Amino acid sequence: MSEKLLRVEELAEMLNLKPSSIYQLVFKRKIPCIKISRRAVRFELNQILKWLESKAQQPGAEPVPVPKPVRRSTRRKRSGRVTEESIRSMIENIKKEVLSHE
């Protein structure tokens, strides 16, 4: 394990999720993680990328609906569904972001 471990906040930012959503995934054992202590959780980037790819390749998996924005109408409109293509795009963006920080 020579790569840097990601904190909850870093992973949440990369995946465009709230930290509380990441903690829920950890609690439900739905995301690969390393528990350092009772309160400290870290993530290996390679494991997260594999996990995302496995989510995109699940046979018969329904696209997940994206909630509609509640506040302003000036927000960017979303297609309403998370597709395999959008997950692959997210993975590529994360890889580019990580490589640019090295």
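That block above? That's the structure.
What comes next concerns the included structure. Source: prediction; values computed, not measured. (Residues numbered from 1 in each chain as written. Predicted model: local features only at pLDDT ≥ 70, side-chain atom pairs only at ≥ 80, totals over all residues. Heavy atoms only, no water.)

**Focus on the sheet that holds strand β1 (residues 5-6)**
Here is step 1 of the chain: The antiparallel open sheet is built from three strands, whose spatial order is β1-β3-β2. The sheet is open, and its two edges are formed by β1 and β2 (34-35), each paired on a single side.
Here is step 2 of the chain: Pairing between β2 and strand β3 (residues 41-44): two bridges, direction antiparallel. Within β3, the residue paired with Ile34 across the bridge is Arg42.
Here is step 3 of the chain: Packed on one face of the sheet, helix α3 (residues 45-56) meets β1 and β3 and runs near 70° to β3. (Pairing = 2+ DSSP bridges. Helix = DSSP H or I, 4+ residues; strand = E, 2+ residues; numbered from the N terminus. Contact = heavy atoms within 4.5 Å. Axes fitted to C-alpha atoms, helices over the stretch in contact; angles between N-to-C directions.)

**Quick look at the pairing of β3**
Here is step 1 of the chain: Residue alternation in β3 divides its side chains into a buried set, Val41 and Phe43, and an unburied set, Arg42 and Glu44.
Here is step 2 of the chain: What sits between the antiparallel neighbours β2 and β3 is a turn of five residues. (Buried < 20%, exposed > 50% of the residue type's maximum accessible area, 1.4 Å probe, protein only.)

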